[in-house]
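Understanding the architecture of this molecule
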Amino acid sequence: MTRLRAGRGVRTSPAAALAAVTAPGLPEGGLVLVADGIGGFDLCGRALARRAKAAGLPYVTWIVRWSHGPGRWFADLTRAADCHARARDVAETVRLYRRQRPDAPVFLVGKSGGCAVMVKALELLETPEVERAVLLSPALSPGYDLTRALGSVRSDVVVFRSPLDVFFLGLGTTVFGTSDRVWGWGAGMVGFRTPKPTDDPARIAAYRKLRQRSWTPGMVWSGHLGGHLGPDTPGFLARYVVPLLRVEPPAEG
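Residues numbered from 1 in each chain as written. Predicted model: local features only at pLDDT ≥ 70, side-chain atom pairs only at ≥ 80, totals over all residues. Heavy atoms only, no water.

**Considering the overall build of the chain**
Looking only at helices and strands, the chain features 10 helices and seven strands. Expressed as a percentage of the 253 residues in the chain, the buried residues total 55%. Long-range pairs, those at least 24 residues apart, make up 77% of the contacts in the chain with a sequence separation of at least 6. (Helix = DSSP H or I, 4+ residues; strand = E, 2+ residues; numbered from the N terminus. Buried < 20%, exposed > 50% of the residue type's maximum accessible area, 1.4 Å probe, protein only. Contact = heavy atoms within 4.5 Å.)

Below, the structure written as structure tokens:
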């Protein structure tokens, strides 16, 4: 997998992103778009690109430059309009890429605040143009409705959460709010709430594409100790996330 990203402080247009990820000489097997957490350090994206390349995946990975800059976590968390604008860029990049390479899969990976960018991008797609989305420690609220986002994935949306993520997604989101501006625990700590049996049948059907995995002590061996930075570790990404970047039959039941 080849890693590409916009320059520091530069937010690239969908057309420019497409030109970068389809440049001659780059792998043509597929595309992975990664939106890291708030603060602009891109730890997860860089590590994921290296581990995917080591696994021999024939993809290009593009790290979405959505942050306001290193250390500007409060702006990243609170400026919803900017998050929506970057989500539109991601959605348009997906459309353009699929138009040019209709047989190549596209995967979306979000970490913490970057999950909001990826979920909102999915909501802007009219058809299932994304193979799978992976949400690591999402900073969205547990009650966020994923129905529209789930309709835009061919396989599923996989969420990794940890009950030990109490500082960032417990205390932090209670004091400063989640990415969707709800004050309370984040879904990356307690998980997303699923529909009740009495809910809309269409919503229940959509949520069949949601898979939620909680942290377990066995993940310590991969480097994930249960905290917010655990999903950034190369060992965790190699063992739990890279295997998800493969094409599978659509989820059923």
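**Things to note about the pattern of salt bridges**
Counted by the stated rule, this structure contains 10 salt bridges. Ionic pairing is found between Arg 101 and Glu 28, a salt bridge with its closest N-O pair at 3.8 Å. Within this pair, whereas Arg 101 is found in the loop between helix 4 (80–100) and strand 4 (106–111), its partner Glu 28 is found in the loop between helix 1 (14–21) and strand 2 (31–35), the two being separated by 73 residues in sequence. We classify Glu 28 as exposed; its relative accessible area is 57%. Of the charged contacts, one joins Asp 232 and Lys 111 as a salt bridge, the two residues approaching to 3.0 Å between their closest N and O atoms. Here Asp 232, found in the loop between strand 7 (210–214) and helix 10 (234–241), pairs with Lys 111, found in strand 4; they are 121 residues apart in sequence, far enough to count as distant. Each member of the pair, Asp 232 as well as Lys 111, is classed as buried. Each of the salt bridges in this network shares a partner with another, and the network as a whole consists of Glu 92, Arg 95 and Glu 126. (Salt bridge = Lys/Arg side-chain N within 4 Å of Asp/Glu carboxyl O.)

**Remarks on the packing of aromatic side chains**
Enumeration over the complete set of coordinates arrives at four aromatic pairs. Ring centres of Tyr 59 and Phe 107 lie 5.6 Å apart, and the angle between their planes is 40 degrees; on these two criteria the pair is classed as tilted. One end of the pair, Tyr 59, is in the loop between helix 2 (43–54) and strand 3 (60–63); the other, Phe 107, is in strand 4, with 48 residues separating them in the sequence. The two residues Tyr 59 and Phe 107 agree in class, both being buried. Considering the side-chain rings of Phe 236 and Tyr 240, the 5.0 Å spacing of their centres and the 25 degrees angle between planes classify their relative orientation as stacked. Remark: Tyr 240 and Phe 236 occur in helix 10; sequence separation between them is four residues, near one turn of the helix. Per residue, the accessibility class of Phe 236 equals that of Tyr 240, and both read buried. Put simply, the rings of Phe 160, Phe 236 and Tyr 240 pair up and form one aromatic cluster. (Phe/Tyr/Trp six-rings, centres within 6.5 Å; stacked < 30°, edge-to-face > 60°.)

**Quick word on the environment of Cys 44**
Locating Cys 44 in the fold gives a position in helix 2. Along the backbone, Cys 44 and Pro 231 are 187 residues apart, and their C-alpha atoms lie at a distance of 7.4 Å.

**Observations regarding the pairing of strand 5 (residues 130–136)**
Within strand 5, seven of the seven residues are buried, which leaves it mostly tucked inside the rest of the structure. Direction of pairing for strand 4 relative to strand 5: parallel, over a ladder of five bridges. In the strand pairing of strand 5, Phe 107 is matched with Arg 132. In this fold, the crossover linking strand 4 to strand 5 by way of helix 5 (residues 114–124) has right-handed handedness. In this sheet, strand 6 (residues 153–161) lies alongside strand 5 in parallel orientation, the contact comprising six bridges. Paired with Arg 132 across the two strands is Asp 156, which belongs to strand 6. (Pairing = 2+ DSSP bridges. Right-handed = clockwise from strand over helix to strand, strands pointing away.)

**Thoughts on the packing of helix 2 against helix 10**
Running from N to C, helix 2 and helix 10 point in directions that differ by 60 degrees, and their axes come no closer than 9 Å. In terms of axis orientation, helix 2 runs oblique to helix 10. Crossing geometry of helix 2 relative to helix 10 is assigned as right-handed. The segment helix 2 lies against helix 10, with Cys 44, Ala 47, Leu 48 and Arg 51 engaging Pro 234, Leu 237, Ala 238 and Val 241. Each residue belonging to the contact of helix 2 with helix 10 can be placed in one class, and the counts come to seven nonpolar, no polar and one charged. (Axes fitted to C-alpha atoms, helices over the stretch in contact; angles between N-to-C directions. Parallel < 35°, antiparallel > 145°, perpendicular 65-115°, else oblique. Left-handed = near helix turned anticlockwise from the far one by under 90°. Nonpolar A, V, L, I, M, F, W, Y, C, P; charged D, E, K, R; others polar.)

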